[in-house]
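In case you want the letters, here they are:
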Amino acid sequence: MDHFLYRNGILHAEDVAIPEIAASVGTPFYVYSAATLTRHYRLFTEALSPMPHLVCFAIKSLSNIAVLKLLGDLGAGMDVVSGGEYLRAKAAGVPGERIVFSGVGKTREEMALALTGGIRQFNLESEPEMRVLSEVAVSLGVVAPVTVRVNPDVDAKTHAKIATGKSENKFGIPIARAREVYAEIARLPGLKAVGIDVHIGSQLTELAPFEAAFAKVRELTGLLRADGHDIQRLDLGGGLGIPYTRSNEAPPLPTDYGAMIQRTLGDLGCEIEIEPGRLISGNAGLMVSGVVYVKNGEGRDFLILDAAMNDLVRPSMYDAHHDIIPVTEPPAGSPTQPFDVVGPVCETGDTFAKARELPLVGAGDLVAFRSAGAYGAVMACEYNTRPLIPEVLVQGDHFAVIRRRPTFDEILARDTIPEWL
Ligand code: LLP
């Protein structure tokens, strides 16, 4: 459920009419609903309530500081994968004790930043990384709390570009090597193992792959404890999928996911950490775009929008489907026709949808892409020197621009011409 509904024939974000925002900030833009973000976060905390837990929002999915503050104030932890994301979490007021640091390529600088500013744990992804972290911690006179991300070699049954838990993926340490790796951690002066981490992929639409991975983590917990390691936390990663279409998809609900975790791991006495991104932010955001032209092509009509692949790359990159709806609700029974929905960027790949059956919209009308809150704004770039589009947060009947559109002067001023040219 989300809070983007038609009222009196006009699409609203909570109590704010989308055309009102468009008139104020111009198109295209992203708009997020505070009520939806809150609701989705709470679904997880409620689902895990029988166990000690921390829900760490994967901020790679939506990293605007205002959104992080909203979730952080509700008690959320944050999963970060770079020094930049760490600084965003801190800028949002999230204490280091609630920040976990994931990622395969953490640099010494990033490690030092987090060790100095405070960190709940590093999720280690390789043995070289583990040795470097120990050195950095020793040089700062501290001990780094760590988990090892184990690769359980399960098939997440999702898009190949976002599956991470098979042995051929670059992520984690093969689970069969885990005991050796924890033994080395125990010998390294700068590290203290506090738990185990696993993340098998994103947009999973079944619980079975999670359960298979968690069963392996359960077994490993017993082995590591028998080896004398103090395994107190299990970080189970993110990955629960969302419905991208209104009709046919029904991914598992957070309550079912929570019940499965309880069943699989609940008796181990561990604190459960999870790192959901998409399920919290995905359906909490729309991208709103204006129609620039309707172009009659050969055998097809193109809806040319002012948004493009640089603003929302998921359709070009993963062939992802986003529902596209008109901001003015068509009267029941209105005719529809197939459109190729495209942006202005000079690439054929700048296509949001092919032969999409849509009501008859025309130049100047507004359309909204649903489920655009996750991996939307964060993956945008300025290709074709198109400014990053603004982000707006709605709460009840008010809205605020939480990232404004840069001016062309600001964009041009970032380049410098060397004096010798
Ligand atoms: N934890 C780790 C270690 C991750 O790598 C990810 C996502 C998450 C948590 C959050 O997963 P989520 O709950 O959002 O599924 N750009 C792609 C998705 C890439 C996901 C990368 N890792 C997309 O647009 O579909």
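Note that this is a predicted model, so its numbers are computed, not measured.

For the rest of this paragraph, the subject is the pairing of strand 21 (residues 398–403). Bridge analysis of strand 20 (residues 391–395) against strand 21 gives five bridges, and the strand direction is antiparallel. Directly across from V392, in strand 21, lies its bridge partner V401. What sits between strand 20 and strand 21 in their antiparallel hairpin is a turn of two residues, with G396 showing a positive phi close to 65 degrees.

What follows covers the domain arrangement of the protein chain. Domain parsing of the protein chain yields domain 1 (4–31 + 283–413) and domain 2 (34–281). Taking only C-alpha atoms, the centre of domain 1 and the centre of domain 2 are 32 Å apart. Taken together, the contact between domain 1 and domain 2 spans 20 residues of the former and 22 residues of the latter. Of all the secondary structure elements, the ones that give two or more residues to the side of domain 1 that touches domain 2 are strand 20 and strand 21. With four residues, strand 20 is the single largest residue contributor to the side of domain 1 that touches domain 2.

Here we come to unusual backbone geometry. Following T27, the chain continues into P28 via a peptide bond in cis, with omega recorded as -5 degrees. Not every positive phi belongs to a glycine, and S371 is a case in point at roughly 55 degrees. Here S371 lies in the loop between strand 19 (366–369) and strand 20. Given 26 C-beta atoms within a 10 Å radius, S371 is considered buried.

Okay, the site of the ligand next. Of all residues adjacent to the ligand, which total 20 residues, the nearest are A58, S202, G238, G277 and Y375. When its residues are assigned to classes, the shell around the ligand shows seven nonpolar, nine polar and four charged. Mapping the shell around the ligand onto the domain boundaries places at least three of its residues in each of domain 1 (4–31 + 283–413) and domain 2 (34–281).

The UniProt record annotates "active site" (unreviewed entry) at C346. The exposure class of C346 is exposed, given the 9 C-beta atoms found within 10 Å.

Before going further, it helps to spend a moment on the nonpolar core. The biggest cluster of nonpolar side chains holds 116 residues, and the ones touching the most others in it are V31, M78 and L133. Each of domain 1 (4–31 + 283–413) and domain 2 (34–281) gives at least three residues to this core.

Their axes nearest at 9 Å, the elements helix 8 (residues 208–226) and helix 9 (residues 254–265) cross at an angle of 30 degrees. By the angle between their directions, the pair helix 8 and helix 9 is classed as roughly parallel. When the axes of helix 8 and helix 9 are compared, the crossing they make is right-handed. Together, F210, E211, F214, A215 and R218 of helix 8 and M260, I261, T264 and L265 of helix 9 make up the contact between the two elements.

The three strands are arranged 1-2-3 in an open sheet whose pairing can be described as antiparallel. Single-partner strands in this sheet number two, and they are strand 1 (4–7) and strand 3 (16–17). Direction of pairing for strand 2 (residues 10–13) relative to strand 3: antiparallel, over a ladder of two bridges. Residue pairing for strand 3: H12 is matched across the bridge by A17.

Attention shifts here to helix 6 (residues 127–140). An ideal rise of 1.5 Å per residue puts 20 Å on 14 residues; helix 6 measures up with 20 Å between its terminal C-alpha atoms. In this structure, the buried residues of helix 6 make contact with helix 5 (108–117), strand 8 (121–124), strand 9 (144–151), helix 7 (178–187) and strand 11 (191–197). A positive backbone phi angle near 75 degrees is found at G141, which sits one or two residues after helix 6.

Viewed as axis vectors pointing N to C, helix 4 (residues 83–91) and helix 5 meet at an angle of 20 degrees, and their least axial separation amounts to 9 Å. With respect to their mutual orientation, helix 4 and helix 5 come out roughly parallel. Judged by the twist between their axes, the crossing of helix 4 over helix 5 is left-handed. Contacts between helix 4 and helix 5 involve G83, Y86 and K90 on the former and, on the latter, E109, E110, L113, A114 and G117. The residue makeup of the contact of helix 4 with helix 5, split by class, is three nonpolar, two polar and three charged.

What counts and what doesn't
Residues numbered from 1 in each chain as written. Predicted model: local features only at pLDDT ≥ 70, side-chain atom pairs only at ≥ 80, totals over all residues. Pairing = 2+ DSSP bridges. Helix = DSSP H or I, 4+ residues; strand = E, 2+ residues; numbered from the N terminus. Domains from an automatic or database assignment. Contact = placed C-beta atoms within 7 Å. Buried ≥ 20, exposed ≤ 12 C-beta atoms within 10 Å, placed from the backbone. Near = placed C-beta within 6 Å. Nonpolar A, V, L, I, M, F, W, Y, C, P; charged D, E, K, R; others polar. UniProt positions renumbered as here; feature names shortened; annotations may be inferred. Core = buried A, V, L, I, M, F, W, Y, C linked by C-beta atoms within 7 Å. Axes fitted to C-alpha atoms, helices over the stretch in contact; angles between N-to-C directions. Parallel < 35°, antiparallel > 145°, perpendicular 65-115°, else oblique. Left-handed = near helix turned anticlockwise from the far one by under 90°. Expected span 1.5 Å × (residues − 1).

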